[in-house]
Amino acid sequence: MKSLAAFLFAMALMTVPALAAEDGLMPADEAAALAAGGELTIIDVRSPREWRETGVPEGASRVTIHHPGGMEGFLAEVLEAVEGDRERPIAFICAAGGRSSAAQQLAREAGFTEVADIDEGMLGSGAGPGWIARGLPTEPCGC
């Protein structure tokens, strides 16, 4: 692998089956409703700088995909966020869907079974307006 960026770009191009729709993609409003009902753990994979700038989805775990321990460290923290339960439904979110798609693929390869990608992200993408524009609840990152 030449670089993390190339790896993440390649992963973002891949589509895998997952939690919500057949393509594993989940709209932000659906993710917010499931998380509010305790049926889904949202994991924000952006950087701490991004968390500070916009806040994070209310109740979301914060596990940066830019983890200093690499992908192994990232996946270990994801496992910790779901209390060791690889079958717990999770959905990854980033700014606009690229990193969350890569995280989804990595998690699936690591044995997580119920994994979705909130592909419109926090800021919006071609998939939708995004968490913030939809007016979904956020909280400060505390970081």
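The model shown is predicted, which means the values in this text are computed figures rather than measured ones. (Residues numbered from 1 in each chain as written. Predicted model: local features only at pLDDT ≥ 70, side-chain atom pairs only at ≥ 80, totals over all residues. Heavy atoms only, no water.)

A. Up close: the overall build of the chain. Each helix and strand counted, the chain has 5 helices and 6 strands in total. Listed by position from the N terminus, the elements making up the chain come as α-α-β-α-β-β-α-β-α-β-β. A separation threshold of at least 6 residues defines the contact pool for the chain, and within that pool the share at least 24 residues apart is 62%. Entry remark: accessible area of the chain is about 6700 Å², with carbon and sulfur atoms responsible for 53%. (Helix = DSSP H or I, 4+ residues; strand = E, 2+ residues; numbered from the N terminus. Contact = heavy atoms within 4.5 Å. Areas by Shrake-Rupley, 256 points an atom, 1.4 Å probe, with all protein chains shown as cover.)

B. Representation of the sheet that holds strand E3 (residues 61-62) within the structure. Read across the open sheet, the 4 strands follow the order E3-E1-E4-E5; overall the sheet is parallel. One side of each edge strand has no neighbouring strand; the edge strands of this open sheet are E3 and strand E5 (115-117). In this structure, strand E1 (residues 41-44) lies alongside strand E4 (residues 90-93), joined through 4 bridges in parallel fashion. The residue bridging Asp44 from the neighbouring strand is Ile93, located in E4. (Pairing = 2+ DSSP bridges.)

C. Summary view of the packing of aromatic side chains. If you walk through the whole model with that rule in mind, you get 1 aromatic pair. Between Arg86 and the ring centre of Phe112, over which it is positioned, the NZ or CZ distance is 5.2 Å. (Phe/Tyr/Trp six-rings, centres within 6.5 Å; stacked < 30°, edge-to-face > 60°. Lys NZ or Arg CZ within 6 Å of the ring centre and 35° of its normal.)

D. Expanded view of the environment of Asp117. Among the secondary structure elements, Asp117 is positioned in strand E5. For Asp117, a relative accessible area of 2% gives the class buried. Spatially, the C-alpha atom of Asp117 lies 9.3 Å from that of Asp23, the residues being 94 residues apart in sequence. Beyond its immediate chain neighbours, meaning those up to four positions away, Asp117 contacts Gly24, Leu25, Met26, Phe92, Gly97, Ser100, Ser101 and Gln104. (Buried < 20%, exposed > 50% of the residue type's maximum accessible area, 1.4 Å probe, protein only.)

E. Molecular detail of the pattern of salt bridges. What the rule picks out here adds up to 7 salt bridges. A salt bridge links Glu139 to Arg62; the nearest nitrogen and oxygen atoms lie 4.0 Å apart. Taken together, the residues Glu139 in strand E6 (residues 138-139) and Arg62 in strand E3 connect sequence positions 77 residues apart. A salt bridge links Glu83 to Arg88, with the nearest nitrogen and oxygen atoms 3.1 Å apart. In this structure, a network of salt bridges that share partners links the residues Asp29, Glu120 and Arg134. (Salt bridge = Lys/Arg side-chain N within 4 Å of Asp/Glu carboxyl O.)

F. Quick look at the confidence of the model for the chain. In this model, the chain carries an average pLDDT of 87, and 85% of its residues clear a pLDDT of 70 or more. This model gives residues 1-18 a pLDDT under 50, and the stretch forms 28 contacts once residues within four places in sequence are excluded. (pLDDT = per-residue confidence, 0-100.)

G. Main features of the nonpolar core. Val45, Ile65, Phe74, Val78, Ile90, Phe92 and Phe112 are the most contacted members of the largest nonpolar core, which has 18 residues in total. The contact partners of Phe74, leaving out residues within four places of it in the chain, are Val45, Val63, Thr64, Ile65, His67, Phe92, Ala103 and Leu106. Judged by nonpolar contacts, the second largest core, of 14 residues, contains Met26, Ala31, Leu40 and Ile42. (Core = buried A, V, L, I, M, F, W, Y, C linked by side-chain atoms within 4.5 Å.)

H. Structural detail: the state of the cysteines. Applying the stated criterion to the full structure yields 1 disulfide. Residue Cys141 pairs covalently with Cys143 via a disulfide, S to S 2.1 Å. Where Cys141 bonds to Cys143 through sulfur, the torsion about that S-S bond is close to -95°, and the disulfide is left-handed. With a relative accessible area of 49%, Cys143 lands in the partly exposed category. (Disulfide = S-S within 2.5 Å.)

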